[in-house]
Amino acid sequence: MVDLFSDSVQPEISQETGTEFGAFTGSSVRSNRSIILTAQFENLDRVREFVAESAEECGLEPAAVYAVQLAVDEAYTNIIEHAYGGESLEQIECTCRMVGGDLEVTLIDCGKPFDPSLVPEPNLKAELEEREVGGIGLYFIYQLMDEVQFSFMKNLELGKNCNLLRMIKHKEK
Amino acid sequence: MDVTPSQYRHCDLVKVSGRIDSATAPQLAKALDDITGSGRFKVVLDLDEVEFMSSAGLRVLISTQKTCKRYNRGELVLASVPKRIYDALELAGFVPLFRFFDNVLDAVGSL
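Here is what the cut-offs are and how they apply
- Residues numbered from 1 in each chain as written.
- Chains lettered and ligands numbered in written order.
- Predicted model: local features only at pLDDT ≥ 70, side-chain atom pairs only at ≥ 80, totals over all residues.
- Heavy atoms only, no water.
- Core = buried A, V, L, I, M, F, W, Y, C linked by side-chain atoms within 4.5 Å.
- Buried < 20%, exposed > 50% of the residue type's maximum accessible area, 1.4 Å probe, protein only.
- Helix = DSSP H or I, 4+ residues; strand = E, 2+ residues; numbered from the N terminus.
- Contact = heavy atoms within 4.5 Å.
- Pairing = 2+ DSSP bridges.
- pLDDT = per-residue confidence, 0-100.
- Buried area = accessible area lost by both parts, 1.4 Å probe.
- Salt bridge = Lys/Arg side-chain N within 4 Å of Asp/Glu carboxyl O.
- Polar contact = N/O pair within 3.5 Å; in protein donor to acceptor, adjacent residues only side chain to side chain.
- Axes fitted to C-alpha atoms, helices over the stretch in contact; angles between N-to-C directions.

Chemist: Help me out: how do you make sense of the nonpolar core in this one?
Modeler: Within soluble globular proteins, side chains that are nonpolar generally end up buried alongside one another. Core analysis: the biggest nonpolar cluster contains 76 residues, and A:M167, B:L45 and B:F94 have the highest contact counts within it. For this core, the leading source of residues is helix α2 (residues 62–83) of chain A, giving 13 residues. Residues contacting B:F94, with those up to four places away along its chain left out, are A:R131, A:V133, A:I136, B:L58, B:I62 and B:L89. B:C11, B:L13, B:A107 and B:L111 belong to the second largest nonpolar core, which has 9 residues in total.

Chemist: What exactly am I supposed to notice about the pairing of strand β4 (residues 102–109) of chain A here?
Modeler: Both faces of the sheet carry side chains from a regular strand, because those side chains alternate between them. Residues and elements named next belong to chain A. The buried fraction of β4 is high, at 8 of 8 residues. Residues of β4 alternate between two faces, with D102, E104, T106 and I108 on one and L103, V105, L107 and D109 on the opposite face, all of them buried. Sheet topology places strand β3 (residues 91–99) next to β4; 8 bridges connect them, and they run antiparallel. If you follow M98 over to β4, its bridge partner there is L103. The antiparallel hairpin formed by β3 and β4 contains 2 residues in its connecting segment, where G100 sits at a positive phi of about 55°.

Chemist: Would you mind going over the confidence of the model for chain A with me for this structure?
Modeler: Low pLDDT marks regions whose predicted coordinates should not be analysed in detail. Averaged over every residue, the pLDDT of chain A is 84; residues scoring 70 or more account for 82%. With pLDDT under 50 throughout, residues 1–29 of chain A is counted as low confidence; its partners more than four residues away or in other chains account for 60 contacts.

Chemist: Just checking my understanding: could you explain the interface of chain B and chain A for this structure?
Modeler: Reports of interface size often rely on the accessible area that becomes lost once the parts have come together. The partner chain A presents 27 residues to the 24 residues of chain B that form the contact. Counting the surface lost from both chain B and chain A, the interface buries some 2,200 Å², and carbon and sulfur atoms represent 62% of this. At the junction of chain B and chain A, the tally comes to 2 salt bridges. Ionic pairing is found between B:R19 and A:D45, a salt bridge with its closest N-O pair at 2.7 Å. Where chain B meets chain A, there are 8 residue pairs in polar contact (both at pLDDT 80 or more). Sorting the residues of the side of chain B that touches chain A by element identifies β3 (42–53), α2 (55–69) and α3 (83–91) of chain B as the ones contributing at least two each. Among the elements that line the side of chain B that touches chain A, the one with the most residues is α2(B), at 7 residues.

Chemist: For this particular structure, what's the right way to read unusual backbone geometry?
Modeler: Across the chain, the bulk of peptide bonds are trans and the bulk of non-glycine residues have phi less than zero. Residues and elements named next belong to chain B. The backbone phi angle of Y71 is positive, close to 55°, even though this residue is not glycine. With respect to the element layout, Y71 can be found in the loop between α2 and β4 (75–79). A positive phi angle, near 50°, is found at S80, a position not held by glycine. Inspection of the secondary structure assignment puts S80 in the loop between β4 and α3.

Chemist: In this structure, what is going on with the sheet that holds strand β1 (residues 2–7) of chain B? I would like to understand it.
Modeler: Think of a sheet as strands paired side by side through backbone hydrogen bonds, with each pair either parallel or antiparallel. Residue and element names in this part refer to chain B. Reading across from one edge, β1-β2-β3-β4-β5 is the order of the 5 strands in this open sheet, with mixed pairing throughout. Every other strand in the sheet has two partners, leaving β1 and β5 (100–101) as the edge strands with one partner each. Judged from the 6 bridges that link them, β1 and strand β2 (residues 12–20) form a sheet pairing that is antiparallel. By the bridge assignment, Q7 is partnered in β2 with D12. Of the strands in this sheet, β1, β2 and β3 touch helix α1 (residues 25–37), which is tilted by about 175° from β2.

Here you go:
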């Protein structure tokens, strides 16, 4: 498993606006962009725009770009609500890479460990009165992205344990 | 996101535009709660100009539909739902829980 941040330049952190940077990490990777934003819902617009730019650059169809935006929105919201227990000035890093024509999006936070297996699956067929929306965000992430992987590991640079969510959207052939 | 409510004799129309996410959904929830809180339960939600909706928006729709349909006193119906928003509703299994109309006029007439 990769060491977080190990293959990229640590960006300067700005809580107000976030920071975007580019890095060259190898011939198979055409582009690698990151943004660091605070764990606040007002930043959802910014992170959705950020991933949309990368998805478009990657050549994804408009419907796939929207799917990536929705998955990232749900993941970012989950981090704020569950890893950080609500809005705060803690940080969330989002990185987009194009790998072999596919788009890889990673989200890193250093909040509470997140175990997706503990989230109950939503009942999509329940009657109205029994219908709950909890768990739909995670369900969307799995449905909208082609590969989804959650891990919790030591971030060598920050010296603490962080959640790493890695998602891949394939470019339609 | 902008929310524009209009009150008619037999129903309420709420027009939403822009992006419904965890930052803006509370504003939509409040507009709908204001209507149901004053005893009006027949509501048309016009989603024509909505560009994005996450599960935070779905939560508002389902909670409003529960309130409106209780005691058979009314209903929340959806008008002019853009394809991407409809796809998300379908993915969440919400389609059977709402009536959909191609335009506001038909939606208002259905209540």
